[in-house]
Amino acid sequence: MLTDVVVTGDNGSIDGQGSVWWDWFESRSLNYSRPHLVEFTSSDHVVVSNLTFLNAPAYNIHPVYCSNVLVQNISVSAPGGSPYTIGIVPDSSNNVCIEDSLIKVGYDAISLKSGWDEYGIAYDRPTKDVHIRRVYLQSSSGSAIAFGSEMSGGISNVHVEQVRIHNSFSGIKFRTTKGRGGYIKRIIISNAELKNINMAFGASGDCGSHPDDSFDPNAIPILDQITLQNVIGSKITVAGNFTGLAESPFTSLCLSNVALTIPSTSTSWTCSNVVGFSESVSPEPCPELKSSYANFSSVCYSILNSYGKSTDL
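- The name an unreviewed UniProt entry gives the chain is Polygalacturonase, with Salix dunnii as the organism.
- Listed under Sequence similarities (unreviewed entry) in UniProt, the entry text for the chain is "Belongs to the glycosyl hydrolase 28 family."
- Recorded under Subcellular location (unreviewed entry), the UniProt text for the chain is reproduced unchanged: "Secreted, Cell wall".

Take a look at the structure:
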């Protein structure tokens, strides 16, 4: 419940000394969740800048239920083997800008979330209007940029641009599962460079656990209007794996001007329960991403025109 908060320094450090927490987590000796380094709750106009974050027990920066958040010129580092350490987690927050930063962690570098199953559905606060630009990301076992899987309040209107992703397990991943409800939609990722990545792109409808047995299995999530454009990748093992839900196929997945270098022996793309459009994509995408519907091209680019030029936060 704070307004106008600045946490800044002349590249000062906040060291979470997380190794003991990682050991406890891996030995399953914790009765509670691990702490985060910096967390803001229900606050407005928050700035975190010019700092180095080291060895977080779990998350490094976690704005939850916040508005107008700027994370700028920070460095985040945790060992590649540190379990489920995450860089920045915008969680049920809006008007968020993350820029000019370097993040190298064990799991996800940037992870957008918005609530978990029936609790996120009931609270109904989305993460929306997010701009991520000019960042260097490295994720040892997770994704450099992840959406979900806790996304029950919804995630929308996200623009990612001028991003470099190196030496990571996964580049960009959309995660959800039955029982989540909610949506991930109107996402634009452009001008990205990927190097030495196991899987460049992924979207899964069967990813994530549940907090308890009270979730509604009929709460089916929606993934729609995702644009990936102007992407160059080298040393990529798998181009993409898009696996939607039979009850709710992923729709309007749009790929344009994507060039990935992968081994000739690898399976380039795997798709099921998805519908999309592509042009100037190499290697050639799966048939589900080559829809002949005439309006798909206009849908993809109308998203870009509507949101890609209006998210200058």
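## Let's talk about the overall build of the chain
Okay, step 1: If you tally the helices and strands in the chain, you get three helices and 17 strands.
Okay, step 2: The C-alpha atoms of the chain give a radius of gyration of 19 Å, which matches the 20 Å a tight globule of 313 residues would have.
Okay, step 3: Seen along its three principal axes, the alpha-carbon backbone of the chain occupies a region of about 50 × 40 × 40 Å.
Okay, step 4: Of all intrachain contacts in the chain linking residues separated by at least 6 positions in sequence, the fraction that spans at least 24 positions is 78%.

## Considerations on the nonpolar core
Okay, step 1: In this structure, L137, F147, F174, F201, L260 and W269 are the most contacted members of the largest nonpolar core, which totals 65 residues.
Okay, step 2: If one sorts the elements of this core by residue count, strand β13 (residues 183-204) sits on top with nine residues.
Okay, step 3: Among all residues touching L137, those that are not within four sequence positions of it are I103, A109, I110, A144, I145, V163, R164, I165, H166 and S168.
Okay, step 4: Core analysis: the next-biggest nonpolar cluster, separate from the first, contains five residues, Y59, I86, V89 and Y107 among them.

## With respect to the packing of aromatic side chains
Okay, step 1: Inspection of every chain in the model, using the stated rule, returns six aromatic pairs.
Okay, step 2: On the basis of an interplanar angle of 55° and a centroid distance of 4.6 Å, the ring pair of Y84 and Y107 is categorised as tilted. Of the two residues, Y84 sits in the loop between β6 (75-77) and β7 (86-88) while Y107 sits in the loop between β8 (94-105) and β9 (110-112), which places them 23 residues apart along the sequence.
Okay, step 3: Each member of the aromatic cluster is reached from another via a ring pair, and the members are F25, Y84 and Y107.
Okay, step 4: One cation-aromatic arrangement involves R34 over F25; the distance from NZ or CZ to the ring centre is 4.1 Å.
Okay, step 5: Lying over the aromatic face of Y183, K185 brings its terminal NZ or CZ to 4.5 Å of the ring centre.

## Side note on the environment of A109
Okay, step 1: Mapped onto the fold, A109 is located in the loop between β8 and β9.
Okay, step 2: Residue class for A109 comes out buried when judged on its relative accessible area of 0%.

## Side note on the state of the cysteines
Covalent bonding between the sulfur atoms of two cysteines is what defines a disulfide.
Okay, step 1: Per the counting criterion, the structure on display carries one disulfide.
Okay, step 2: The disulfide that involves C271 links it to C286, with 1.8 Å between the sulfurs. Where C271 bonds to C286 through sulfur, the torsion about that S-S bond is close to -45°, and the disulfide is left-handed. With a gap of 15 residues between them, C271 in strand β16 (residues 269-272) and C286 in the loop between β17 (274-282) and α3 (295-308) connect regions that are remote in the sequence. Comparing C271 with C286, the two get one shared label, buried.
Okay, step 3: Its sulfur unpaired, C66 is 15 Å from the next cysteine sulfur, which belongs to C97.
Okay, step 4: Not engaged in a disulfide, the cysteine C207 finds its nearest cysteine sulfur in C271; these two sulfurs lie 17 Å apart.

Calculation criteria
Per-chain numbering applies: the sequence of each chain, read as written, is numbered from 1 onward. Reporting of local features is limited, given that this is a predicted model, to residues whose pLDDT is at least 70; pairs of side-chain atoms are given and counted only at 80 or more, and all residues count toward the totals for whole chains, interfaces and linings. Heavy atoms throughout the structure, all of them, feed into the side-chain values; hydrogens and water do not. UniProt positions are given in the numbering used here, feature names are shortened, and annotations may be inferred rather than shown by experiment. Helix numbers and strand numbers start at the N terminus; a helix is a DSSP run of H or I with at least 4 residues, a strand a run of E with at least 2. The atom set for the radius of gyration is the C-alpha atoms, and the globule formula is 2.2 Å times the number of residues raised to the power 0.38. Here, residues are in contact when the closest pair of their heavy atoms is within 4.5 Å. The definition of a nonpolar core used throughout is a set of buried Ala, Val, Leu, Ile, Met, Phe, Trp, Tyr and Cys residues joined through side-chain atoms within 4.5 Å. When accessible area is computed with a 1.4 Å probe and restricted to protein chains, residues below 20% of their type maximum are described as buried, those above 50% as exposed, and intermediate ones as partly exposed. Working definition: a ring pair exists when centres of Phe, Tyr or Trp rings (six-membered ring for Trp) sit within 6.5 Å. Plane angles under 30 degrees give stacked, over 60 give edge-to-face, the rest tilted. Charge over a ring is defined by NZ of Lys or CZ of Arg lying within 6 Å of the ring centre and within 35 degrees of the ring normal. For this text, the term disulfide refers to a pair of cysteine sulfurs within 2.5 Å.

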